[in-house]
Every structure is written in C-alpha cells, then in structure tokens.
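Inside the fold
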There are 2 protein chains.
Amino acid sequence: YDYLEKELLSYRELASETRDGHHVALRGNVELPDEIPLVLAQGAEGIGLFRSEFLFLNRRIPPGEQEQFEVYKDILEKMAPNPVTIRTLDVGGDKFVPEINLADEANPAMGLRAIRFSLKERRLFHIQLRAILRASAFGPARIMFPMISGVAELRACRECLEKARAELAAEGVAFAAELPVGIMIETPSAALVADMLAQEADFFSIGTNDLIQYCLAVDRGNEHVAYLYEPMHPGILRALRMICQAARDKGIPVAMCGEMAGDPLYLLVLLGLGIDELSMNAPGIPRVKRVLRQVTREDGEQLLARLSSLPTAQDVSRLLEEEMGKRFPELFAPMPI
Amino acid sequence: YDYLEKELLSYRELASETRDGHHVALRGNVELPDEIPLVLAQGAEGIGLFRSEFLFLNRRIPPGEQEQFEVYKDILEKMAPNPVTIRTLDVGGDKFVPEINLADEANPAMGLRAIRFSLKERRLFHIQLRAILRASAFGPARIMFPMISGVAELRACRECLEKARAELAAEGVAFAAELPVGIMIETPSAALVADMLAQEADFFSIGTNDLIQYCLAVDRGNEHVAYLYEPMHPGILRALRMICQAARDKGIPVAMCGEMAGDPLYLLVLLGLGIDELSMNAPGIPRVKRVLRQVTREDGEQLLARLSSLPTAQDVSRLLEEEMGKRFPELFAPMPI
Ligand SMILES: [Mg+2]
Ligand SMILES: [Mg+2]
C-alpha cells in the first residue's frame, strides 16, 4: 500500500481534468484547522466546505467576532490563492452542540437546525457574518448557508449579510468588495425550486447526505430503515438533474460536498450531470483525480442517460457498478470470494 | 349557524361538479366506523381514505383476519355502490401504536413506519391483505399503500398481494376479480418518480401533510419550525404538478387525502392541477362542494398559472387569499379588526 500511496501523491501536481480537458475543481472538506496541511498535501484547489461548528463545540460561551475572524483569516491565508467556502453554523440534527440550548425535539432532523437556528439567533449570526466579512479582506472567501429551503430564507440571509456589511463600512473596517454567496441544496424543496434559487445565489453546493435522507424520508442512522438510504434511487438522480440544470441555465457553478462527491464510483454520473466542483475529505482527492483523468465528460453523459431510464435504485446501482467495474477493474471489480 | 348548516346540507343532493361540468369526487376520510353515518349524511361519494389503524389500537394482540374482514366487509356494504379505499396499516411517525413494539427512534418521522413496517412484519401484512381481499367480494374496494418511496416498494407490495390472492384462490375463498391498487404519494422521492410509479399503480392519493413536511424538512409539530410548514411553498406546488402531470400522462386518477383537500381555500389550485378526487373529514364535504359548483376548471388553471411564477410561499399565499377573497368574500374575506 506504500506504493499505492506514493502513486496517488504523484497526482498532486497533475491538473484535475477529464481526458477531453474538462476541468473539475477538487476541493477539501474541513472540520478542523489541523487538517489544512493534509488538504494542501493532496493538491486540493481550495476548500469547498469549511465547517464552522468546531468553533462552538466544548465551550460554554460561543466564540466572539475576533476569535472567529482570526480562524477564518488564518485559513484563507494558508489556502491562498485558492478559495475557501465558509459555511455558517450548521448545528442541530446529528450535529448537536450541547452548549447551545436546543429544544428537545421529536424529530431533530426536521427541526431547529442550520440556517433556521441562525435566523432565530440573530445575534450569534450577526457576529459570525461580521467575522467572515472581515476575513474576506485576506483571501478569496466565499460564504455558504446550510439547509436553505427556498427563496425567502436566502433573502433573509442576504439581508443579514447586508446589515453586517453596512455596519462594518460605517466603522471603516475592511472587507472584500466581492463575497460570493452560495447555498447548500439539501432539502427537496430547494431542489424543486432550484431555478428560482439560482437567480439569487452565486453558487450551489449539493449536500447529498441530507438531500437523500429527506427525499426518501429516511434517517440513515436508524438501523431499521438504513437499507432505504439509496444514493442511486431514481428520485435522487432526478433531483440532482433538476439542480444542475437550473444552475447551468442561470450560469452559476454547482458544487457537491456530500459523501457522494468523494466516492469515485459516482464520478462519471457527476460528470454527466455537469457538476463543476467536488469537495471531499482530503484523502479522497487523488483517488477521484486518478479516475477523472481517464474519462471524458461524454462518457458521463452517456452513462447517466442509461441510468436515468431505470426504475429502481437496485437497477441503477447494478448497472453503475458493472460499468465502473469494466472501466476500472482494479478499483471496482467485485471482491473475489 | 343553524341556517348555514341547513343550507350546507342542501348540497347533499347536488352533483359535485364545477360550473362547466367537471366532476370531482368528494369522499370521506374515516378513522372509525362510527363516522360512517356522518359520511353518508354529507353525501360523500364513498370513502377515499379508510384508516385501518383503529383496529390495532388499545389491544395486546393484533386483530386476526376474520375480525378485520368483518370490519372491511361491513363498511363496504354500508357505502355501496360507492367505493371504499382501504389504506393498509400506517403506524409510526406521529401515529404510534404502543401495542406494536416499535423501536425507539431518533427521528421517528423518518423511521420504521407505514409500508416499511408492513414489509418488515410480513405476517401481519399478509393477514391484512387476506382480509381486504376477502372483503372485496362484498363491494367496490380499493387498496392503498402508505409512504411508498419508489417503484421497488410498490412491486414488493404487489408481490405480497399476489401471494395472498393465490392462497385464497387455492382455498376456494371468494374475492373480487378486480381490486384497484393505489399508493399514497407523500415522500419527495415518490413525487420525483411519479411517472414511473404511474405505470405500475392504478391510482395515486396525495398525502399532503407528510409530503409538505418531507419536502421542507420540517416537523410541523415542532413549535420552533412550524412557521416553515407552508402548503403554498413554490416547491410544494412544483411537486404537486409533477404528480398530477404524471398521473394524467399515464391515464390514472389522482386523489388527495391530506388536509389541503378539505380546505376550500385551495380548491381552485387543486382544480387547476387536475385532481380527480378529494377526500376529507365529512363536515368539509358540503363546504368544498359549495365552492366547487361556483367555479370552472379554467378558473383554476388560470389562477395556478399566476401562482406558479411567484418565488416565495408568502407571495403565493397572499395572492391566493386575495383572489379567493374577491370571488368568495363571505368565505375568505379578511377578518374585520
Ligand atoms: Mg446538512
Ligand atoms: Mg402519511
């Protein structure tokens, strides 16, 4: 495996593009600043998902503006000239921060979480927005709001951002003239109105884990129904298509930051959909790049067309595994018994 | 109000159709057999949703085949010649049957419920299917499976039904030659693959309460996020349109049995969508019929077209209330302050 690791690291210097020259940005998902050296070592083109939750964990008092600012500034400087997408606080559901007093909910996955929490706790949100804006003066930052369910929430977020911007301007504090504003597409309703959202967002990032769970009404942490969590369910393919089509029609980039993005098995499908950016845990980057460099976008479009006519998740998965096994027998061939 | 009730009852004998002659069947939702006289008194064209849960409540041992058969037979005979749609056991989520030992789930709404439970507890399911089939010899029965998420589950249900049918045939027990098999459309994935489902189901019934909750990822029982439960969210309108379009393209009827079906405020929207049947609690029937008889299907199509371009739930609701208030000032005019 030492040899394999070495070979994979050799991909660091190579462009992340298909055989026919389509560039797909491969970026890192980062939970803790410690992971930055690994992300850099794997040749990531920046960070597609910087989770800000760690700042709020294991403490009684939430972090102040200066502390957050320094963390965001530091990561932007380390990653420059590549961009860093900072996601605002995404608590609730399975990401519980005990120090923030969340209600005892019957269905936390469908409760007060992510952007809903921020839009309720405006003071906390305002502090985070100010910190991100201030950091944006030090590198190519992007901001991303989690769990947006429709246009109204995106507008509410933009208003909060404007308020923070106006305040900083009045104080004479520096921030970038341009800060791209993106949203996670992870509720079915966001997928259904992706065309409307694409008119008001600067980019999309598809959160496949939650999107799949809500579309199928399945908590994958529940052993009795986890079998229904199917990334290749025909309904998921449809949702992904709607999202990507809307982004393309409106000319905004679409990224993916769920687990699907880092699994080379799905790469051709994602190419076929026209995804522009994949964000994943750092070790996945060379693995995905190795496959990416051996295929064409047309390969992806053709495979996707074949998969899209199939009626069940089992049919789709079977054909996908078969096709990927033919192309990359060393990666996806069925295990010998 | 005595006068109003009398006037409403006069609708009992009138056809449930639009001014331009489009028939929309108005049926009852029934939780307990006691409600049948009320359903008949309101002039319902049968029962669009007969919930079978009551049979399983407040007892240690689930009901046997004979007991279920007698209940289904009785209701079919009472409602004849109008049809009765019997929904198979829909436990879990907010409909907990303590006597059936359900797991302790972190998110019960996304857990082992409805058809998932039946497909796991095959013995219980088999007994219910036999009872429904036997009852079908005594009146126009339909069977409906709740929480179908895709084609694979529908096929699994049909297999179970075939098995029960074959067994009864071998035993020489009577059952109807034709038993229409419908599914509830209440998960986003079912809406997304409605065209595929319409090829294998005999009818749809849209369960708006759950569909809205899953599409928006909102538990409406949770006071912190209930404000996000918006029947007129643009994403919901899109989902409803996909479902109705698929049903129309494949020539199967589409019903609605969620709360939206019984609220006259939404009637024009549902007409515009082309819904064939509305099922509701009995007292709603004359109220909906009174509005139905004063509008045309084209009114609905025109209003729906205007609503569909609006980007937020608030915009849609405001225009809908305004338009319905203009047409029916005595029903929907804003309350005087
Ligand atoms: Mg998420
Ligand atoms: Mg339901």
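Data block above holds the structure.
Overview of the structure. Everything numeric in this text was worked out from a predicted model, so none of it was measured.

Considering the overall build of chain A
- A tally of helices and strands in chain A yields 15 helices and eight strands.
- Relative to a compact globule of 337 residues, whose C-alpha radius of gyration would be 20 Å, chain A shows 20 Å and is just as compact.
- Seen along its three principal axes, the alpha-carbon backbone of chain A occupies a region of about 60 × 45 × 40 Å.
- When each of the 337 residues of chain A is scored for burial, the buried share is 59%.
- Contacts spanning at least 24 positions in sequence make up 69% of the contacts within chain A whose residues lie at least 6 apart.
- Entry remark: accessible area of chain A is about 13800 Å², with carbon and sulfur atoms responsible for 51%.
- Positive and negative side-chain charges in chain A, numbering 37 and 49 respectively, have mean positions lying 2 Å apart.

Digging into the relation of the copies chain A and chain B
- Note on the identical chains: chain A maps onto chain B by a rotation of 180 degrees and an axial translation of 0.0 Å, with an RMSD of 0.0 Å. Such a combination of turn and shift is consistent with a two-fold rotation axis. Taking the C-alpha atom as reference, chain A places Asn107(A) closest to the rotation axis, 2.2 Å from it.
- Taken together, the interface assignments show that 100% of the residues at the interface of chain A recur at the interface of chain B, consistent with an identical surface on both copies.

Digging into the sheet that holds strand β1 (residues 25–30) of chain B
All names here are of chain B.
- Spatially, eight strands are ordered β1-β2-β3-β4-β5-β6-β7-β8 in a closed barrel, and the strand pairing comes out parallel. On average, adjacent strands in this sheet sit at an angle of 25 degrees to one another, irrespective of strand direction.
- As paired strands, strand β4 (residues 141–145) and strand β5 (residues 181–185) are joined by three bridges and run parallel to one another. Bridge pairing in β5 places Phe145 opposite Ile183.

Thoughts on the sheet that holds strand β7 (residues 254–256) of chain A
Residues and elements named next belong to chain A.
- Pairing is parallel around the closed barrel formed by eight strands, whose spatial order is β1-β2-β3-β4-β5-β6-β7-β8. This sheet shows a mean twist of 25 degrees between the axes of neighbouring strands, independent of strand direction.
- In this sheet, β7 lies alongside strand β6 (residues 203–206) in parallel orientation, the contact comprising three bridges. Each residue of the ladder has a partner; that of Ser205, found in β7, is Ala255.
- On the sheet, helix α5 (residues 122–135) packs against β3 (84–87) and β4 (141–145) and is oriented at approximately 160 degrees with respect to β4.
- Contacts between helix α12 (residues 284–292) and the sheet are confined to β1 (25–30) and β8 (277–280), with β1 contributing the most and set at about 160 degrees to the helix.

With respect to the nonpolar core
- Formed by 224 residues in total, the largest nonpolar core has its most connected members in Leu197(A), Phe204(A), Leu278(A), Phe50(B), Leu197(B), Phe204(B) and Leu278(B).
- Excluding residues within four positions of it along the chain, Phe204(A) makes contact with Ile183(A), Ile185(A), Ala194(A), Leu197(A), Ala198(A), Ile243(A), Ala247(A), Ile252(A), Pro253(A), Val254(A) and Ala255(A).

What about the packing of α5(A) against helix α6 (residues 151–171) of chain A?
All names here are of chain A.
- One can describe the packing of α5 onto α6 by two numbers: an axis separation of 9 Å at closest approach and a directional angle of 60 degrees. When the axis of α5 is compared with that of α6, the two are oblique. Two packed elements cross with a definite hand, and for α5 against α6 that hand is right-handed. When α5 is examined against α6, the residues Arg122, Phe125, His126, Leu129, Arg130, Leu133 and Arg134 are found in contact with a partner set consisting of Cys157, Cys160, Leu161, Lys163, Ala164, Arg165, Glu167, Leu168 and Glu171.
- Considered class by class, the residues forming the contact of α5 with α6 number eight nonpolar, one polar and seven charged.

Some words on the environment of Cys160(B)
Residue and element names in this part refer to chain B.
- Of note, Cys160 is situated in helix α6 (residues 151–171).
- Sequence separation between Cys160 and Asn107 is 53 residues; the distance between their C-alpha atoms is 28 Å.
- Among all residues touching Cys160, those that are not within four sequence positions of it are Leu119, Arg122, Phe125 and Leu129.

Concerning the coordination of the magnesium ion (ligand 2)
All names here are of chain B.
- Surrounding the magnesium ion (ligand 2) are the protein donor atoms Glu186 (OE) and Asp210 (OD), at 2.1 to 2.2 Å. Of this pair, Glu186 sits in the loop between β5 and α7 (188–192) while Asp210 sits in helix α9 (residues 208–216), and the two are 24 residues apart along the sequence.
- Here Asp210 falls in the buried class, since its relative accessible area comes to 10%.

Looking at the pairing of β5(B)
All names here are of chain B.
- Buried residues dominate β5, accounting for five of its five residues.
- Going residue by residue along β5, you find Val181, Ile183 and Ile185 tucked away on one face and Gly182 and Met184 tucked away on the opposite face as well.
- With α6 bridging β4 and its parallel neighbour β5, the resulting β-α-β unit is right-handed.
- Of the strand pairs in this sheet, β5 and strand β6 (residues 203–206) are connected by four bridges, and their pairing is parallel. From the neighbouring strand, Ile183 faces β6, where its bridge partner is Phe204.

Re the packing of helix α13 (residues 297–308) of chain B against helix α14 (residues 313–327) of chain B
All names here are of chain B.
- Put simply, α13 and α14 touch, their axes get as near as 10 Å, and they point 150 degrees apart. Accordingly, the angle class assigned to the pair α13 and α14 is roughly antiparallel. As for the relative orientation of α13 and α14, their crossing is right-handed in sense. Mapping the contact onto sequence places Asp299, Leu303, Arg306 and Leu307 in α13 and Val316, Leu319, Leu320, Glu323 and Arg327 in α14.
- Across the contact of α13 with α14, the residue classes break down as five nonpolar, no polar and four charged.

As for the environment of Asp210(B)
- Each C-alpha atom of the pair Asp210(B) and Met79(B) lies 28 Å from the other, and the pair is 131 residues apart in sequence.
- When residues no more than four places from it in sequence are discounted, the contact partners of Asp210(B) are Arg113(B) and Glu186(B).

Thoughts on the pattern of salt bridges
Residues and elements named next belong to chain A.
- Within the structure shown, the criterion is met by 48 salt bridges over all chains.
- Close ionic contact of Glu65 with Arg130 constitutes a salt bridge, the shortest N to O distance being 2.6 Å. Residue Glu65 is found in helix α3 (residues 65–79), and its partner Arg130 is found in helix α5; the two are separated by 65 residues along the sequence.
- Residue Glu65 is classed as buried on the basis of its relative accessible area, which comes to 17%.
- Here Arg87 ties to Asp90 by a salt bridge, and the two come within 3.2 Å at their closest N and O atoms. Each member of the pair Arg87 and Asp90 is classed as buried.
- Within this structure, Glu65, Arg130, Arg134, Glu167 and Glu171 form a network of salt bridges that share partners.

Calculation criteria
- Residues numbered from 1 in each chain as written.
- Chains lettered and ligands numbered in written order.
- Predicted model: local features only at pLDDT ≥ 70, side-chain atom pairs only at ≥ 80, totals over all residues.
- Heavy atoms only, no water.
- Helix = DSSP H or I, 4+ residues; strand = E, 2+ residues; numbered from the N terminus.
- Rg over C-alpha atoms; globule rule 2.2 N^0.38 Å.
- Buried < 20%, exposed > 50% of the residue type's maximum accessible area, 1.4 Å probe, protein only.
- Contact = heavy atoms within 4.5 Å.
- Areas by Shrake-Rupley, 256 points an atom, 1.4 Å probe, with all protein chains shown as cover.
- Lys, Arg positive; Asp, Glu negative; His and termini not counted.
- Charge placed at Lys NZ, Arg CZ, Asp CG, Glu CD.
- Least-squares fit on C-alpha atoms with pLDDT ≥ 70 in both.
- Pairing = 2+ DSSP bridges.
- Axes fitted to C-alpha atoms, helices over the stretch in contact; angles between N-to-C directions.
- Core = buried A, V, L, I, M, F, W, Y, C linked by side-chain atoms within 4.5 Å.
- Parallel < 35°, antiparallel > 145°, perpendicular 65-115°, else oblique.
- Left-handed = near helix turned anticlockwise from the far one by under 90°.
- Nonpolar A, V, L, I, M, F, W, Y, C, P; charged D, E, K, R; others polar.
- Donors = N, O, S within 2.8 Å, 3.2 Å for Na, K, Ca; no water.
- Right-handed = clockwise from strand over helix to strand, strands pointing away.
- Salt bridge = Lys/Arg side-chain N within 4 Å of Asp/Glu carboxyl O.

Don't take any of this as a statement about function, it's just geometry.
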